[in-house]
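Per-entry structural report
Read off the chains here:
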Amino acid sequence: SETRRAQAIFDAVPSQTNSPKDNVASGLMVQLQSVRRAIAQRVALGTHLVCSDVSLNEMCHKRPSNMHELALLDGWGDERCNSFGEEFLDCIREY
């Protein structure tokens, strides 16, 4: 199916950093954690309910550039994408 093919292509994209401990990944992770914290405070949820560290780490390495790519990440369904996705994508674009 089209979704499976898109997932395979997205999964094949190499990480944009060499390891999770790279300065670039660490810097983006800090920015994404800040966005998550701001969202959590605004909607009165725990940060882990906005998204997990695993999801943030995957964002750092896959660098989704649109909602479709974000939705391919683990834990990102339609509701989460519609609620918080654009804020995370803006952070990635600006980084």
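This write-up is about the structure you can find in this document. For clarity, every value in this text was computed on a predicted model and none was experimentally measured. (Residues numbered from 1 in each chain as written. Predicted model: local features only at pLDDT ≥ 70, side-chain atom pairs only at ≥ 80, totals over all residues. Heavy atoms only, no water.)

**So, the nonpolar core**
Among the nonpolar cores identified, the biggest contains 20 residues, and Leu32, Leu56, Met59, Leu70, Trp76 and Phe88 are the most heavily contacted of them. When contributions to this core are tallied by element, the ones reaching two or more residues are helix H2 (23-43), helix H4 (53-62) and helix H6 (78-94). (Core = buried A, V, L, I, M, F, W, Y, C linked by side-chain atoms within 4.5 Å. Buried < 20%, exposed > 50% of the residue type's maximum accessible area, 1.4 Å probe, protein only. Helix = DSSP H or I, 4+ residues; strand = E, 2+ residues; numbered from the N terminus.)

**Some remarks on a nonpolar patch on the surface**
Residues Val43, Leu45 and Leu49 make up a contiguous nonpolar surface patch of about 230 Å² in total accessible area. Tracing the chain through its elements places Leu49 in helix H3 (residues 47-50). (Patch = residues over 30% accessible without salt bridge, like charges linked within 9 Å, V, L, I, M, F, W, Y side chains within 5 Å. Areas by Shrake-Rupley, 256 points an atom, 1.4 Å probe, with all protein chains shown as cover. Salt bridge = Lys/Arg side-chain N within 4 Å of Asp/Glu carboxyl O.)

**Focus: H4**
Those residues of H4 that fall on the buried side of the exposure criterion are Ser55, Leu56, Met59, Cys60, His61 and Lys62. Just beyond H4, the residue with positive phi is Arg63, at close to 50 degrees.

**Considering the environment of Phe84**
With respect to the helices and strands, the residue Phe84 is situated in helix H6. With relative accessibility at 11%, the residue Phe84 sits in the buried group. For the pair Phe84 and Val35, spaced 49 residues apart in sequence, the C-alpha separation works out to 9.5 Å. Filtering out sequence-adjacent residues up to four positions away, Phe84 remains in contact with Ile39, Val43, Val50 and Trp76. (Contact = heavy atoms within 4.5 Å.)

**Overview of the side chain of Arg36**
In this fold, Arg36 is placed in helix H2. Judged by relative accessible area, which is 9%, Arg36 ranks as buried. Looking at Arg36, its side chain comes within polar contact range of the main-chain oxygen of Cys51, at 2.9 Å. Dropping the residues within four chain positions of it, Arg36 is found in contact with Thr47, Val50, Cys51, Ser52, Asp53, Leu56 and Phe88. (Polar contact = N/O pair within 3.5 Å; in protein donor to acceptor, adjacent residues only side chain to side chain.)

**Some thoughts on H6**
With 17 residues, H6 extends 23 Å between its outermost C-alpha atoms, agreeing within 8% with the 24 Å of an ideal straight helix rising 1.5 Å per residue. Bending of H6 peaks at approximately 60 degrees at the position of Phe84. For H6, the full list of buried residues reads Cys81, Phe84, Gly85, Phe88, Leu89, Cys91 and Ile92. (Expected span 1.5 Å × (residues − 1). Bend = angle between axes of the 7 residues up to and from the residue.)

**Description of the packing of aromatic side chains**
Per the stated rule, a full pass over the model turns up one aromatic pair. For the pair Trp76 and Phe88, a centre-to-centre distance of 5.5 Å together with 80 degrees between the ring planes defines the contact as edge-to-face. Of the two residues, Trp76 sits in the loop between helix H5 (67-71) and H6 while Phe88 sits in helix H6, which places them 12 residues apart along the sequence. You can call Trp76 buried: its relative accessible area is 3%. (Phe/Tyr/Trp six-rings, centres within 6.5 Å; stacked < 30°, edge-to-face > 60°.)

**Quick word on the pattern of salt bridges**
Where charged atoms from two side chains of opposite charge come close, those side chains can pair. Considering all chains together, one arrives at four salt bridges under this definition. Between Arg42 and Glu87 there is a salt bridge, with its nearest N and O atoms 2.9 Å apart. Of this pair, Arg42 sits in helix H2 while Glu87 sits in helix H6; the two residues are 45 residues apart in sequence, bridging distant segments of the chain. Using a relative accessible area of 52% as the deciding quantity, one classes Arg42 as exposed. For Arg93, the salt bridge identified is with Asp90, shortest N-O distance 2.9 Å. Residue Arg93 and its partner Asp90 are located together in helix H6, separated by three residues, close to a single helical turn. Assessed through its relative accessible area of 45%, Arg93 is described here as partly exposed. With relative accessibility at 33%, the residue Asp90 sits in the partly exposed group. One network of salt bridges, in which partners are shared, links Glu86, Asp90 and Arg93.

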